[in-house]
Amino acid sequence: MATERTLSIIKPDATRRNLTGKINAKFEEAGLRIVAQKRIQLTPAQAGKFYEVHAERPFYGELCDFMACLLCTSPSPRDATLSRMPSSA
């Protein structure tokens, strides 16, 4: 049976508010199984590359700054979660 993998990035404000566990619980309630999780601090360059599909949009710069936590009141890492579930295909 084929499986799909999903990358989820928990935003810095949710991480700072200690919501990671509750968010993970929601994934699991939806039938996803978390197979890996890593706490990372994105650099502006990494955020820019990840979100480059939005480069022409007016919110791109603010999105990259937010995800690199340049607009946060205090630095906060992101939780990157890899989940998988059986493919419906």
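Here the structure is a predicted model, which is why all the values come from computation and not from measurement.

What follows is about the overall build of the protein chain. Across its full length, the protein chain holds 4 helices and 3 strands. The N-to-C order of helical and strand elements in the protein chain reads β-α-α-β-α-α-β. The buried share among the 89 residues of the protein chain stands at 28%. Restricting the contact set of the protein chain to residue pairs at least 6 apart, pairs at least 24 apart contribute 75%.

Right, let's talk about the pattern of salt bridges for a bit. Tallying each qualifying case throughout the model produces 1 salt bridge. A salt bridge links Glu 52 to Lys 49; its shortest N-O distance comes to 3.6 Å. Since its relative accessible area comes to 59%, Lys 49 is described here as exposed.

A positive phi is found at Asn 18, a non-glycine position, where the angle reads about 60°. With respect to the helices and strands, the residue Asn 18 is situated in the loop between helix H1 (12–16) and helix H2 (20–29). Residue Asn 18 is classed as exposed on the basis of its relative accessible area of 66%.

Next up on the list: the environment of Ile 40. In this fold, Ile 40 is placed in strand S2 (residues 33–40). Distance in space between the C-alpha atoms of Ile 40 and Ile 9 is 9.8 Å, their sequence separation being 31 residues.

A word on the packing of aromatic side chains. To describe a pair of aromatic rings, you give the distance between the ring centres and the angle between the ring planes. All told, the structure shown has 1 aromatic pair when counted by the stated rule. Seen in terms of ring centroids, Phe 50 and Tyr 51 are 4.9 Å apart; in terms of plane orientation they differ by 85°. Their pairing is edge-to-face. Residue Phe 50 is classed as partly exposed on the basis of its relative accessible area, which comes to 42%.

Further remarks concern H2. Within the span of H2, buried status applies to Thr 20, Asn 24 and Phe 27. An end-on view of H2 places all buried positions within 55° of arc, on one side of the element. Facing away from the buried surface of H2 by more than 90 degrees, the exposed residues are Lys 22, Lys 26 and Glu 29. Following H2 by one or two positions, Gly 31 has its phi on the positive side, about 95°.

The rules behind the values
- Residues numbered from 1 in each chain as written.
- Predicted model: local features only at pLDDT ≥ 70, side-chain atom pairs only at ≥ 80, totals over all residues.
- Heavy atoms only, no water.
- Helix = DSSP H or I, 4+ residues; strand = E, 2+ residues; numbered from the N terminus.
- Buried < 20%, exposed > 50% of the residue type's maximum accessible area, 1.4 Å probe, protein only.
- Contact = heavy atoms within 4.5 Å.
- Salt bridge = Lys/Arg side-chain N within 4 Å of Asp/Glu carboxyl O.
- Phe/Tyr/Trp six-rings, centres within 6.5 Å; stacked < 30°, edge-to-face > 60°.
- Arc of directions from axis to C-beta.

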